[in-house]
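# Architecture at a glance
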Amino acid sequence: MQETEWIVAEVPEGVSPDAAGRHGLPFILRVLLAQRGFTDAAQLEPFLRPRLSDLRDPFELPDMDLAVRRILQAVDSGEPICVFGDYDVDGITSVTILSGLLSEYGLKVQPFIPIRGEEGYGLSDPAVERCLGSEPRPSLLITVDCGTASGEQIQRLAAEGIDVIVVDHHETGPGGRPPAVAVVNPKLGDDYGYLCSAGVVFKLAHALLKTRRIEGVDLKDILDLVAVATVADIVPLVDENRMLVRHGLRRLPQTVNLGLNALMEVSGVSGYASSSDVGFRIGPRINAAGRMDAPEDALKALMTDCEEVAASMAEQLDEHNRRRQKHEQQMHEEALGLLEEGASSDGAPVIVVGSRQWHPGVVGIVASKLMRTYHKPSFVIAFGEDGFGKGSGRSIEGVSLVDAIDACRLLLEAGGGHHMAAGISLHESRLDEFRQAFGNYVLETTTAESRRPRLHIDAEVPFEELSLDFLASYELLQPFGSGNPQPVFMSRDVWLTDSPRHLKNKHLRLALRQGLVERDAMFFGAGGRELPDPPWDVAFTIDRNFFRGRLSLQMSVKDIRRSQ
């Protein structure tokens, strides 16, 4: 493993520690804001304190007027409706939000989520067949978080007399816009491209209530679900996304959704919720149901109006997550074993491993782990008994999986996704060929230096500045995530005041000192790491920690090196 290169950002021009801090912000916070492009006072206030009153007209989205007109037509005639979604957090929350709202309009709504292993993603033939087999058969089907690339299926549904409205955020397929009554998808317009499907559903709900109000229904009550989906789907936290997540996270501890409340209890979230809580505690438990082929459990948890059912289903989701973790640990260990046996040499620029024993719902998590451990683009594939497999890939900075898949297209049954995360289908007889071709692509399009692991550090901060007042100002930058990454700080000449304490799950607790100031810190996953002799340069992030009624600033170490 190569040594990580630390890249410390320069202080932006015009930001001085001697100048008066705008909005009373400390120098380091002004540095972070300037790095994010906020130097104009007119831009600064909406970023630091986004207001829901600044939400724009939902009818700016493509086909929104057509969707609202068709849905209200269904309301007036009492049509049976199906809301058909994906099995991940974004899809399940989208189904929950839209089904709940349409029920408030008096409609009989059938929420539907396909089973990942048996039916696959989106409007697959098996999923549609099961969906239409229930009574009453819907005359209007609304897809959420899927449907944009399902032109053929939508055409067949239309031939059977079923109208389709697509509410989605994915790219169109080769056939372009599907032949639906309406396609509410920002990717077909010029704006709002950052929204996840729950964000698009929120805009649809806004448009419906703006057109026909329902007494007692408040859009603010669904902001927490929108925030959970937006963070979990790793879409950019910019513009209205930032606004929705900021306000949704604030409402999360007092949520009116019984399932969310029960999920927070089993995952240990209370009193305060951050994007990290969603990303590492709440989201994985909802996702685990889909990964373990039981997405209806997550849907039932979020849609119930019974506290006992909510508590029971939250426990069930927690159990699914434990099963997912067990599969993940087993697959990760077996993948490491394959690498030791020569499945990918130390000098190879990529990792590609596969097995018939692996669960397809966990391949992406294991690929992500391997990528982080070895800093190599990685694919993990679960093969079936017929020899065909579904794999998931995760990449490093500078290597596009979309371009890599295109370069290896002749070896694959299918493939696509995003530059940093993608999926493939292939036969196991092609595994070695694909590994070789993928490696050749990376060698031809990158250099060893460009593939070197790098840690980008936003600013240097002395321990003495890490106060609760600093934390209060720092939290104005939240929520953190895609498009607004959590800042990484560094401090120099740091010493240990006690031996590192090894905790379970291979974590370290460190007692650190810089000058006369002491700080406790967590170094997650570093239990087996050999640390250099102090003094150290320490790279870290900070978070709020609330334990036994006491608020403190928590340091989370990202890396340690000898002081330079």
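Not measured: the values here are computed from a predicted model. (Residues numbered from 1 in each chain as written. Predicted model: local features only at pLDDT ≥ 70, side-chain atom pairs only at ≥ 80, totals over all residues. Heavy atoms only, no water.)

### A few points about the pairing of strand S5 (residues 163-167)
The element S5 is largely enclosed, with a buried count of four among its five residues. Crossover handedness for the path strand S4 (residues 140-144) to helix H7 (residues 151-159) to S5: right-handed. (Buried < 20%, exposed > 50% of the residue type's maximum accessible area, 1.4 Å probe, protein only. Helix = DSSP H or I, 4+ residues; strand = E, 2+ residues; numbered from the N terminus. Right-handed = clockwise from strand over helix to strand, strands pointing away.)

### Considerations on the packing of helix H9 (residues 223-232) against helix H12 (residues 275-291)
At a closest axis distance of 9 Å, the pairing of H9 and H12 adopts a crossing angle of 90°. Of the possible angle classes, the one that applies to H9 and H12 is roughly perpendicular. The residues of H12 that touch H9, namely those facing Val 228, Val 231 and Ala 232, are Ser 275, Val 278, Gly 279, Ile 282 and Ile 286. Classifying every residue of the contact of H9 with H12 gives six nonpolar, two polar and no charged. (Axes fitted to C-alpha atoms, helices over the stretch in contact; angles between N-to-C directions. Parallel < 35°, antiparallel > 145°, perpendicular 65-115°, else oblique. Contact = heavy atoms within 4.5 Å. Nonpolar A, V, L, I, M, F, W, Y, C, P; charged D, E, K, R; others polar.)

### Describing the sheet that holds strand S6 (residues 182-184)
An order of S3-S2-S4-S5-S6 is seen for the five strands of this open sheet, with the pairing classed as parallel. What marks the edges here is a single partner per strand, and that holds for strand S3 (109-112) and S6. On average, each strand axis in the sheet is tilted by 15° relative to the strand beside it, whichever way the strands run. Strand direction decides the pairing type here: strand S2 (residues 81-85) and S3, joined by four bridges, are parallel. In the strand pairing of S3, Val 83 is matched with Pro 111. (Pairing = 2+ DSSP bridges.)

### A look at the nonpolar core
Of all hydrophobic cores here, the largest spans 78 residues; its most connected members are Leu 102, Ile 142, Leu 204, Leu 208, Leu 252, Ile 282 and Ile 286. At nine residues, the largest contribution of residues to this core is made by helix H8 (residues 197-211). Non-local contacts of Leu 204, meaning those with residues more than four positions away in its chain, are made with Met 64, Ala 67, Val 68, Ile 71, Leu 98 and Val 167. Listed in part, the 35 residues of the second largest apolar core include Leu 29, Leu 32, Leu 512 and Val 557. (Core = buried A, V, L, I, M, F, W, Y, C linked by side-chain atoms within 4.5 Å.)

### Observations regarding helix H14 (residues 307-340)
Between its terminal C-alpha atoms H14 stretches 49 Å, which fits the 50 Å expected from 34 residues at 1.5 Å a residue. Gly 342 occupies a position one or two residues after H14 and carries a positive phi of about 105°. (Expected span 1.5 Å × (residues − 1).)

### Some remarks on the packing of H12 against H14
Remark: H12 packs on H14, axes separated minimally by 8 Å, with the N-to-C direction vectors making an angle of 70°. The orientation of H12 with respect to H14, classified from their angle, is roughly perpendicular. Of the residues in H14, those touching H12 at Pro 284, Arg 285, Ala 288, Ala 289 and Arg 291 are Leu 317, Asp 318, His 320, Asn 321 and Arg 324. Taken together, the residues of the contact of H12 with H14 break down into four nonpolar, two polar and four charged.

### Points about the pattern of salt bridges
Under the counting rule described, the total for this entry stands at 32 salt bridges. Linking Glu 79 and Arg 70 is a salt bridge whose minimum nitrogen-to-oxygen distance equals 2.9 Å. Since its relative accessible area comes to 11%, Glu 79 is described here as buried. The shortest N-O distance in the salt bridge between Glu 449 and Arg 454 comes to 3.3 Å. You can call Glu 449 partly exposed: its relative accessible area is 45%. With relative accessibility at 27%, the residue Arg 454 sits in the partly exposed group. (Salt bridge = Lys/Arg side-chain N within 4 Å of Asp/Glu carboxyl O.)

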